[in-house]
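# Results of the structural survey
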Amino acid sequence: MPPDIGPPAPPMAGDPIGGHPTPRRGRRTVGDRWGWGRYARPTMAKAPVLTPQADDFPRWYQDVLAKAELADNGPVRGTMVIRPYGYSLWERMQAEMDARIKDAGAENAYFPLFIPESYLTREAEHVEGFSPELAVVTHAGGKELEEPVVVRPTSETVIGEFMAKWISSHRDLPLLLNQWANVVRWELRTRLFLRTSEFLWQEGHTAHATESDAAAYASRILHDVYRDFMVNVLAMPVLVGRKTRQERFAGATNTLACEAMMGDGKALQMGTSHELGQNFARAFDITFQDANGTQQTAWTTSWGTSTRMMGGLIMCHGDDRGLRVPPRLASTQVVVLAIRDEEGVVPAARLLGEELQALGVRVRVDDRTDVSFGRRATDWELKGVPVRIEVGPRDLANGEVTVVHRMAGEKVQAPIAGLAATVPALLDELQASLLAEATDRLAARTAEVATIDEAREAAATGFARIPWATLGEEGEAALAEHAVTVRCLQMPDGSVPRSEDDPDVLAVVARAY
RNA sequence: CGGGGUGUGGCUCAGCUUGGCAGAGCGCUGCGUUCGGGACGCAGAGGUCGUGGGUUCAAAUCCCGCCACCCCGACCA
């Protein structure tokens, strides 16, 4: 993402879908908890820009999507339009993920959107898992097709077909592929980013000579790619673990996952990594000759993360003022806001922008002085830009600027000379504070419990960890009656269990998106 | 598929009970004043009232059919 700097600033429509003339629920008094009382509205509390989280979290989420210009509903039910600002964040996710995927040795490729229906039916569990949500093309080119084609819900099958073609020797293994693509799953109930009928993702597919190689690679992706990205870039503390039989991917022998806690205490699955055993290799005849000249069946894996992470980002870090984007992810890390067009303000802002850009900071100069200051400040806060530097005549008279941190809302005066050089460290600090805040919440809202009743109760506000031996598949089914599911199984120290039969294994249960 | 609800300018909705000139807020356009926390004034543009039929002198409003969408339950990254 090239930094966007200098004039003229692109148009930023103020209020894309119209305002809400009255607050839907109650009235927000500006929270001193964020340290804003000194600066905020002097007397009467205005209608909140967003529905407060505490009033209606889903409504807040919708408000953020619209007001931060992240996404809109598409014309076909369940589809999504990702707006430029939202897409710029997705592009950053892609860039960071892609680098890690390549570090893990996988190469990008592209497989077709359309898959012969017959492919899907080759793996019994797989077809059973996906058939309810398949979009199938029966007519094309003005006539009925002899064999319907499905719009890919995931690509294990086509890729399996080609792996079989490309692999003949143990020297061809491991085969490590990844693709960035869209997939379609006809969902009954959808929510922007979290569950849409079409979404964007990366899906990795690998083939290995042995079961242990495959397992090790699935684990490597989970830890070195997914968890590393989520913790260090998204500033989201994620739990890693294995899925129960109930929650496992259709066709997998083992599913590993990263689970995160949202601001309302509910869980969101952020990424999965599957060991597919030899299920797909057998179905698609992915075989190779080993060093002894014997024909062997390969072991495959698949792993994916999607635009759902956008929803996770919003719901993990967002507050009543909007989104809060961790600096390492941010497509715009710093916005330099020229307060008004007089006394050299705009040139000073642009100069500061250039200095920051030269330091590698992703900076944007907002010199739209025809738009009121308050409107612009609010817009950038909604978008979650980590640092806003305000440059106005009063500041310049003192050789200063005003630096505002989005995370805690802190506002400080700083000398303009030498300021740029301090920004990278500030961004690191804000990145760490966001991670710390989320980590504290996760710890505070995770309960260690001993009984199923306690687990259910704890899941009302957060996560509960209960011995898997106590819960079991019967307990899992019982909790499901209360919309509480087992998010993953893990060891007491948070590591991934080798087997669900280990007596120390704990089940993490929660309500989930 | 079961239960509930809604279709009226770009957005959110009022008007319907009791038929009588199609409205408001926000957004948009122009001009002016503003500009350090969603600015304000004035002047404008913009609507086949989801759709087909019926009743009536007259239908957004009453009646019947259809369509679409939303919410709550059974599936899912």
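Our structure's up above, just so we're on the same page.
This write-up is about the structure you can find in this document. It should be emphasised that the depicted structure is a prediction, and the values quoted were computed from it without experimental measurement.

Before going further, it helps to spend a moment on the overall build of chain A. Looking only at helices and strands, one finds 14 helices and 23 strands in chain A. For a compact globule of 513 residues, the expected C-alpha radius of gyration is about 24 Å, and chain A comes in at 25 Å, within 12% of that figure. Along the first, second and third principal axes, the C-alpha set of chain A runs to 80 × 50 × 50 Å. Counting across all 513 residues of chain A, residues that qualify as buried make up 53%. When the accessible surface of chain A is split by element, carbon and sulfur atoms take 50% of a total near 22000 Å².

Take the pairing of strand β15 (residues 334–338) next. β15 sits mainly inside the fold: five of its five residues count as buried. By the alternation rule, side chains of β15 split into Val334, Val336 and Ala338 and Val335 and Leu337, which are all buried. When β15 meets strand β16 (residues 363–366), the two strands line up parallel, connected through four bridges. The residue of β16 that forms the bridge with Val335 is Arg364. In this sheet, strand β17 (residues 387–391) lies alongside β15 in parallel orientation, the contact comprising five bridges. Residue Val336 lies in a different strand from β17, and its bridge partner there is Ile389.

Taken together, 42 residues are adjacent to RNA strand B, and Arg189, Arg195, Gln269, Arg308 and Arg375 come closest. At 3.3 Å from a sugar or linking oxygen of RNA strand B is found a side-chain nitrogen or oxygen belonging to Thr378. Between Glu381 and RNA strand B, the recorded distance is 2.4 Å, taken from a side-chain N or O atom to a base nitrogen. Elements represented by at least two residues in the surface near RNA strand B include exactly α10 (373–383), β17 and α11 (393–397). Ranked by the residues each element gives to the surface near RNA strand B, the list is headed by α10, at five residues.

Along the chain, the position of Arg100 falls in helix α2 (residues 84–103). What makes Arg100 buried here is its relative accessible area of 16%. Of the polar contacts made by the side chain of Arg100, one reaches the side chain of Asp228; its length is 2.7 Å. Not counting residues within four places of it along the chain, the set of residues in contact with Arg100 comprises Asp224, Val225, Asp228, Phe229 and Val233.

A general tendency of soluble globular proteins is for nonpolar side chains to be buried together. Counting 60 residues, the largest nonpolar core has Leu70, Met93, Phe193, Met230, Leu234, Met270 and Ile314 as the members making the most contacts within it. When we break this core down by domain, the ones giving at least three residues each are domain 1 (84–317) and domain 2 (321–429). Other than its neighbours up to four places away in sequence, Met230 contacts Ala235, Met236, Val238, Cys258, Met270, Gly271, Thr305 and Met309. Listed in part, the 27 residues of the second largest apolar core include Val336, Val345, Ala348 and Met407.

Our next topic: the packing of aromatic side chains. Within this structure, the stated rule accounts for nine aromatic pairs. Where Trp90 meets Trp180, the ring centres are 5.9 Å apart and the plane angle is 75°; that geometry is what we call edge-to-face. Of this pair, Trp90 sits in helix α2 while Trp180 is found in strand β7 (residues 175–184), placing the two residues 90 residues apart along the sequence. A relative accessible area of 19% places Trp180 in the buried class. An aromatic cluster of three or more residues is present, and its members are Phe111, Phe162 and Trp166. Over the ring of Tyr119 we find Arg122; its NZ or CZ atom is 4.7 Å from the centre of that ring. The cationic tip of Lys266 hangs over the ring face of Tyr513; the distance from NZ or CZ to the ring centre is 4.3 Å.

One water molecule sets the probe size; rolling that probe over the atoms shows where empty space is left. Reported here for the largest pocket is a volume of approximately 1500 Å³. Every residue lining the largest pocket is counted, 44 residues in all, and those nearest its centre are Arg185, Glu187, Arg195, Gln269 and Arg308. Of all elements in the fold, only α4 (124–130), β8 (198–208), β11 (267–275), β14 (299–306) and β22 (485–490) reach the threshold of two or more residues within the lining of the largest pocket. Each residue belonging to the lining of the largest pocket can be placed in one class, and the counts come to 13 nonpolar, 16 polar and 15 charged. Residue assignment places the lining of the largest pocket across two domains, with domain 1 (84–317) and domain 3 (446–510) each supplying three or more.

The rules behind the values
- Residues numbered from 1 in each chain as written.
- Chains lettered and ligands numbered in written order.
- Predicted model: local features only at pLDDT ≥ 70, side-chain atom pairs only at ≥ 80, totals over all residues.
- Heavy atoms only, no water.
- Helix = DSSP H or I, 4+ residues; strand = E, 2+ residues; numbered from the N terminus.
- Rg over C-alpha atoms; globule rule 2.2 N^0.38 Å.
- Buried < 20%, exposed > 50% of the residue type's maximum accessible area, 1.4 Å probe, protein only.
- Areas by Shrake-Rupley, 256 points an atom, 1.4 Å probe, with all protein chains shown as cover.
- Pairing = 2+ DSSP bridges.
- Near = heavy atom within 4 Å.
- Polar contact = N/O pair within 3.5 Å; in protein donor to acceptor, adjacent residues only side chain to side chain.
- Contact = heavy atoms within 4.5 Å.
- Core = buried A, V, L, I, M, F, W, Y, C linked by side-chain atoms within 4.5 Å.
- Domains from an automatic or database assignment.
- Phe/Tyr/Trp six-rings, centres within 6.5 Å; stacked < 30°, edge-to-face > 60°.
- Lys NZ or Arg CZ within 6 Å of the ring centre and 35° of its normal.
- 1 Å grid on protein atoms, 1.4 Å probe; cavity = no way out; pocket = protein on both sides within 12 Å on 5 of 7 lines; lining within 4 Å.
- Points joined across faces, edges and corners; volume = space filled by probe spheres on them.
- Nonpolar A, V, L, I, M, F, W, Y, C, P; charged D, E, K, R; others polar.

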